[in-house]
Amino acid sequence: MDFLEIEGGKKLKGAVQISGAKNAALPLLTCTLLSKTPVHIGNVPNVADVKTLLQLLENLGAKQNFDNNQALVDTSGVNSTCANYDIVRKMRASILTLGPLLTRFGHCEVSLPGGCAIGQRPIDLHLKALEMMGADIDIRQGYVIASAPKGLKGANIVFDKITVTGSENIIMAAALAHGTTTISNAAKEPEVVQLCEALNKSGVEIKGIGSAEIEIQGSGGKLLDIADFSVIPDRIEAGTYLCAGAITNSEITVTNVIPEHLKALISKLISMGFEVLKTENSITIKPSSKILPADIETLEYPGFPTDMQAQFMALCTQADGTSLIDERLFENRFMHVSELLRMGANIKLTSHTATIYAPTKLTGADVMATDLRASSALVLAALAAEGTTRIHRIYHLDRGYENLEGKLSNLGAKIKRLSE
Ligand code: EPZ
């Protein structure tokens, strides 16, 4: 199994090109199930989750080719509607096949994703919405058995909670449904916006894109001719590298980004004393003489992203004072805390609030990755720690960060990928 070995205390400098967004690529890949023609998607990040989803589409009978960040997917030959457990358990976002398979074929069996390190992560809102669109939903032996033999019909959906993949599943289901679907309390993340824009460009009339109220005119079962498009940059990867600059007190630039997507994050860095410069497609962070403590509450977009909570917690261990982080979206997204404590951090937890007493001197240690973003927090801590850190189980990192050690090495970090 691979692990990362990082020699801390090095200054970083230079620029890093950000890859396409994993959380945009995944729904864009499953929406190819709505297309009668092959779909070409550019700027697809070469990460494990993308490769897992492409494998799932191939298992369903699709043809796919993925090379040099370009994906070509042809789902005309799909001859199975069963997304089975051995793939779904590797990547819960496989649940994004539920809406497209059901609306296209009128039936599908998708394994329940099960929980994950950061929380129980139910899909009740996805299922309730599909039932409102006329689907019969049954849960049997760990599978969602869904059927809508006459196709799905438009409905007025109101989500009790804002759900990113729930919104995406229903947007895709509604694209081929009979009639109009409205979604109230829809997610507004840039990744949801890109899915709507791609479908809109492919002839699906969608109103309210980017707002909490979306209206989708279904095609009445007719497959789409989905246009080619390119995945938006990964705002979370970009934020992670900005934190790498911040925690090592270095000046670095992230390129191929959309600064608008990182507004909450940039504002937090500025409030912590950093200078942040933006151009149309790049962001530069400049060192701060003193890192000020932060008070963070994670919220749905455009609020502070939960996917950046762990990374900022690592940064807060170097602040000059006590920081507070309130995790409002997931019930167990503090798995990185115990590992940070082993490196010398001083953090106290209540149910969903972490208090970070700082500054604390971090020292290198053997630590274990537990989930995707927790792992990136450990990388950041290792960059600032004195001595050597070895991060184990980095398959979690490989799910969502393309060539992390290469990109960090190019910035001057002393990092190696080794096998144990
Ligand atoms: C998406 O997960 C992202 N994944 C997550 O990123 C991200 O952390 C999350 O949105 C929040 O921004 C992808 O886009 C592939 P939710 P998702 O449904 O859609 C509750 C990463 O690191 N809920 O928006 O699964 C749920 O328990 C990953 O890249 C229900 O109760 O998250 C949570 O408390 C981690 N019932 C809240 O809503 C449901 O049916 C938000 O979950 C659905 C969700």
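These remarks concern the structure in this document.

How each quantity is defined
- Residues numbered from 1 in each chain as written.
- Predicted model: local features only at pLDDT ≥ 70, side-chain atom pairs only at ≥ 80, totals over all residues.
- Heavy atoms only, no water.
- Core = buried A, V, L, I, M, F, W, Y, C linked by side-chain atoms within 4.5 Å.
- Buried < 20%, exposed > 50% of the residue type's maximum accessible area, 1.4 Å probe, protein only.
- Helix = DSSP H or I, 4+ residues; strand = E, 2+ residues; numbered from the N terminus.
- Contact = heavy atoms within 4.5 Å.
- Axes fitted to C-alpha atoms, helices over the stretch in contact; angles between N-to-C directions.
- Parallel < 35°, antiparallel > 145°, perpendicular 65-115°, else oblique.
- Nonpolar A, V, L, I, M, F, W, Y, C, P; charged D, E, K, R; others polar.
- Near = heavy atom within 4 Å.
- Polar contact = N/O pair within 3.5 Å; in protein donor to acceptor, adjacent residues only side chain to side chain.
- Areas by Shrake-Rupley, 256 points an atom, 1.4 Å probe, with all protein chains shown as cover.

1. Describing the nonpolar core
Okay, step 1: Ranked by internal contacts, the top residues of the largest apolar core, which has 75 residues, are L130, M133, I171 and L199.
Okay, step 2: In terms of residue count, helix α6 (residues 164-175) provides more of this core than any other element does, six residues in total.
Okay, step 3: Those residues in contact with I171 that lie beyond four places of it in its chain are I183, V192, L195, C196, L199, I206, I214 and I216.
Okay, step 4: Formed by 68 residues, the second largest nonpolar core is a distinct cluster that contains I283, I347, L362 and A365.

2. A short note on the packing of helix α1 (residues 22-30) against helix α2 (residues 48-59)
Packed helix pairs are specified by the crossing angle of their axes together with the interaxial distance, meaning the distance between the axes.
Okay, step 1: Between α1 and α2, the shortest axis-to-axis distance is 10 Å and the interhelical angle comes to 5°. The angle between α1 and α2 falls in the class roughly parallel. Contacts between α1 and α2 involve K22, A25, L26, L29 and T30 on the former and, on the latter, D49, V50, L53, L54 and L57.
Okay, step 2: Looking at side-chain class alone, the contact of α1 with α2 contains seven nonpolar, one polar and two charged residues.

3. Let's talk about the site of the ligand
Okay, step 1: Every one of the 22 residues lining the ligand counts as a neighbour, but L125, T163, T165, D307 and L329 are closest to it.
Okay, step 2: One of the backbone N or O atoms of P122 is found 3.4 Å from an oxygen atom in the ligand.
Okay, step 3: Taking V164, its main chain carries an N or O atom lying 2.8 Å from an oxygen atom of the ligand.
Okay, step 4: Against a free-state accessible area of 820 Å², the protein chains account for coverage of 91% of the ligand.
Okay, step 5: Those elements that provide at least two residues to the shell around the ligand are α1, α5 (124-132), α6 and α12 (372-384).
Okay, step 6: When residues in the shell around the ligand are grouped by element, the largest group, three residues, is from α5.

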